[in-house]
Amino acid sequence: MRYRPTTKRALRVVVAVFIGSLLIIEVFDGFSFVRETLPDSLRREGLLSFLRGKERPFCPCPHKPPSLLGFRDIVEVDKPMSQLEQELGPLLRHGGHYSPPDCRPHDKTAIIIPCRNRWPHLRVLLNYLVHVLIRQQLDFTIFVIESDQGSTFNKGILLNLAVLEAMKRDRYTCFVMQDVDLLTMDDRNLYRCDQQPRHLAAAINKFKYTLPYPRYSGGVYALSLEQLLKVNGHSNLFFGWGGEDDDIYHRLYHVGYTFTRNPEEMAKYWMIKHKRDKGNERTRQSTMLLQKTMSEKRMFDEGLNTTRYHLDSVEETPLFTWIKATINLTEVLQPAPPYIKSLFENGLQFTNKKPRTR
Ligand code: UDH
Ligand code: MN
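Just so we're clear, the structure is a prediction, and the values are computed from it rather than from any experiment.

(A) Region of interest: the packing of helix 3 (residues 81-88) against helix 4 (residues 119-135). Here helix 3 crosses helix 4 at 10 degrees, and the two axes come no closer than 10 Å. When the axes of helix 3 and helix 4 are compared, the pair comes out roughly parallel. From helix 3, Met81, Leu84 and Leu88 reach across to helix 4, where they touch Arg123, Leu126, Asn127 and Val130.

Structure follows, in C-alpha cells:
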C-alpha cells in the first residue's frame, strides 16, 4: 500500500498563564498542546500565520521508514563547521530542530551530545547523524552540552541538565544519549524510544563489534521520559571516566526495565579513535559508588531531583542548541545524604584501577 501523507491546518488556541513573574504559554494547535515562547514564534511566523497555525501532517509515521539505506561503511569526514552549516542548515530549523514534512512521529526526541574539547568529533558526527535522523523520520532537536574546562568531566550531570533544560523548552518524550565519537553504521537501528529502554551502540568497532561485557548499555541509548523519571535520571556523582552508564543500567533494572537491542549486524557503531581526555581520569569514588552505595539505594536520594549546575548560556546555532554549564563539586554534593558525602570527604581520588561492573 502506498503511504499517502495528509496535512491539516487548525486554528491555534493560545493559553497564557503567569506563575509569579514567569509567563507560561501553551498553544493548542488542533492536535496537541505545545509549549511556545510567544515572541519567538511570532518573530518566526508573523501574527496572522501564527494564529492560523502551520500545516501539520496528520498520518502517523510508518513503522518502517521508507528511505533507509541499511549498513554503510564509515569514512570519517571532518568539514569546517561553516561548511556543515551551509550543507545541513537548510534541512533543519535554527537550533537543530527537524520534523518530517509528511508524517507525525510518535515522539518528540532530544538528541543529547556531551561535548568538551571534542569539536572535531562533533563535526564528523553531525555530518553523518543529521541525514540518518532525517531518513528515520524523527521529530528531533540536537542538543550539545558543554561543561566548563575547570571541573572534572561528569557525563551524568551533563545528561541530567540537558534533560532539565530541554524540558524547559519543549515537551520532549524521548531522549537519546549520544557519545560525540560514535557513528551509527546502519540507519535501520532507529533512534526511537520504546516500552523498554533501547541500547543502540551494541556493537562498537573498539570492542570488536560485540558487547565489552554483557550488561554494557552505554555509548548511545534511548530512554523515554517515563523511563527517565521512574529512575530519577542519571547519578550526579560519577566524576571522571566511566560508571554513570552502569549505574543507570542498575537503576532501570531495579524498577523492572531491561535494555533491548537490535541484532549485532544492525547495531554496528564506529568509534572515532581517540586518547583518554585530560580532566576525565577515573576516580575511586566511581568504583565505590557502584559497589558500596548500590545504584538502587541511591536512586531516589540523588539524580534529576538533585542536579546542581550553573547555566552559562543556551545558544541556538544553525545545527544544534548549545548548552554551556559550569559544574562545582561542592555544590553537586550539597544536597547529598551523609553516606554519600562521606565518600568525598577527601576530595576526588584518582586511580588507574579498572572499575568492577558488578
Ligand atoms: N566526553 C567529552 N569530553 C571529555 C570526555 C568525555 O566530550 O573530555 C564525552 C564525549 O561525548 C565522549 C563521552 O563523553 O564520547 C565518553 O567518553 P570517552 O569517549 O572517553 O569514553 P570511551 O571512548 O567509551 O572510553 C566508553 C566505553 C566503555 C565504558 C565502560 C564503562 N562502563
Ligand atoms: Mn569514546
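Still to come is the rest of the account.
(B) Focus on the site of ligand 1. Taken together, 19 residues lie near ligand 1, and Arg116, Asp179, Val180, Gly242 and Asp277 sit nearest. The residue inventory of the shell around ligand 1, partitioned by class, reads five nonpolar, five polar and nine charged.

(C) Inspection of the confidence of the model for the chain at higher detail. Averaged over every residue, the pLDDT of the chain is 91; the share at 70 or more is 84%. Low pLDDT (under 50) marks residues 1-5, which in the prediction has six contacts with non-local residues, meaning those over four places away or in another chain.

(D) A look at the sheet that holds strand 12 (residues 203-204). Pairing in this open sheet of three strands is mixed, and the strands run 10-14-12 from one edge to the other. Bordering the open sheet on either side are strand 10 (182-184) and strand 12, each of which pairs with just one other strand. Relative to strand 14 (residues 268-271), strand 12 runs parallel, the two being bridged by two bridges. If you follow Ile204 over to strand 14, its bridge partner there is Tyr269.

(E) A look at the environment of Arg284. Among the structural elements, Arg284 can be located in helix 8 (residues 284-291). Measuring from C-alpha to C-alpha, the distance between Arg284 and Phe239 comes to 9.7 Å, with 45 residues separating the pair along the chain. Residues in contact with Arg284, not counting those within four places in the same chain, are Gln349 and Thr351.

(F) Looking closely at the pairing of strand 9 (residues 174-178). Most of strand 9 sits out of view: five of its five residues are buried. By the alternation rule, side chains of strand 9 split into Cys174, Val176 and Gln178 and Phe175 and Met177, which are all buried. Bridging between strand 7 (residues 108-114) and strand 9 involves four bridges; their strand directions are parallel. Across the sheet, residue Ile112 finds its bridge partner in strand 9, namely Met177. As paired strands, strand 9 and strand 13 (residues 220-224) are joined by five bridges and run antiparallel to one another. Among the inter-strand pairings, Met177 is bridged to a residue of strand 13, identified as Tyr221.

(G) Region of the structure containing the environment of Arg188. With respect to the helices and strands, Arg188 occurs in the loop between strand 10 and strand 11 (198-199). Each C-alpha atom of the pair Arg188 and Ala267 lies 8.4 Å from the other, and the pair is 79 residues apart in sequence. What Arg188 contacts, discounting residues up to four positions off in sequence, is Leu68, Gly70 and Met266.

(H) Expanded view of the pairing of strand 13. Across the five residues of strand 13, five count as buried, placing the element largely inside the fold. Alternating positions in strand 13 separate into two faces, Val220, Ala222 and Ser224 on one and Tyr221 and Leu223 on the other, with burial throughout. Both strand 11 and strand 13 contribute to a ladder of two bridges, which runs antiparallel. Paired with His199 across the bridge in strand 13 is Tyr221.

(I) Quick peek at unusual backbone geometry. Of note in this structure, Gln137 is not a glycine but carries a positive phi near 55 degrees. In this structure, Gln137 sits in the loop between helix 4 and strand 8 (139-147). Non-glycine residue Asn232 carries a positive phi angle of around 60 degrees. Taking the C-beta count within 10 Å as the criterion, Asn232 has 21 such neighbours and is therefore assigned buried.

(J) Structural context of helix 8. Along helix 8, the residues classified as buried are Gln285, Ser286, Leu289 and Leu290. All buried residues of helix 8 lie within an arc of 135 degrees about the axis, which places them on one face of the element. Where helix 8 is buried, its residues meet helix 7 (244-254) and helix 9 (295-298).

(K) Here's a closer look at the environment of Leu289. With respect to the element layout, Leu289 can be found in helix 8. Accessibility expressed as a C-beta count within 10 Å gives 26 for Leu289, which makes it buried. With residues up to four places along the chain from it excluded, the contact list for Leu289 reads Leu237, Phe238, Gly243 and Leu343.

(L) Structural detail: the nonpolar core. One finds Ile112, Ile113, Phe143, Ile145, Ala162 and Phe175 to be the most contacted residues of the largest nonpolar core, which totals 67 residues. Among the elements that make up this core, the one with the highest residue count is helix 4 (eight residues). Listed in part, the six residues of the second largest apolar core include Leu237, Phe238, Leu289 and Ile340.

Procedures and definitions
- Residues numbered from 1 in each chain as written.
- Chains lettered and ligands numbered in written order.
- Predicted model: local features only at pLDDT ≥ 70, side-chain atom pairs only at ≥ 80, totals over all residues.
- Axes fitted to C-alpha atoms, helices over the stretch in contact; angles between N-to-C directions.
- Helix = DSSP H or I, 4+ residues; strand = E, 2+ residues; numbered from the N terminus.
- Parallel < 35°, antiparallel > 145°, perpendicular 65-115°, else oblique.
- Contact = placed C-beta atoms within 7 Å.
- Near = placed C-beta within 6 Å.
- Nonpolar A, V, L, I, M, F, W, Y, C, P; charged D, E, K, R; others polar.
- pLDDT = per-residue confidence, 0-100.
- Pairing = 2+ DSSP bridges.
- Buried ≥ 20, exposed ≤ 12 C-beta atoms within 10 Å, placed from the backbone.
- Arc of directions from axis to C-beta.
- Core = buried A, V, L, I, M, F, W, Y, C linked by C-beta atoms within 7 Å.

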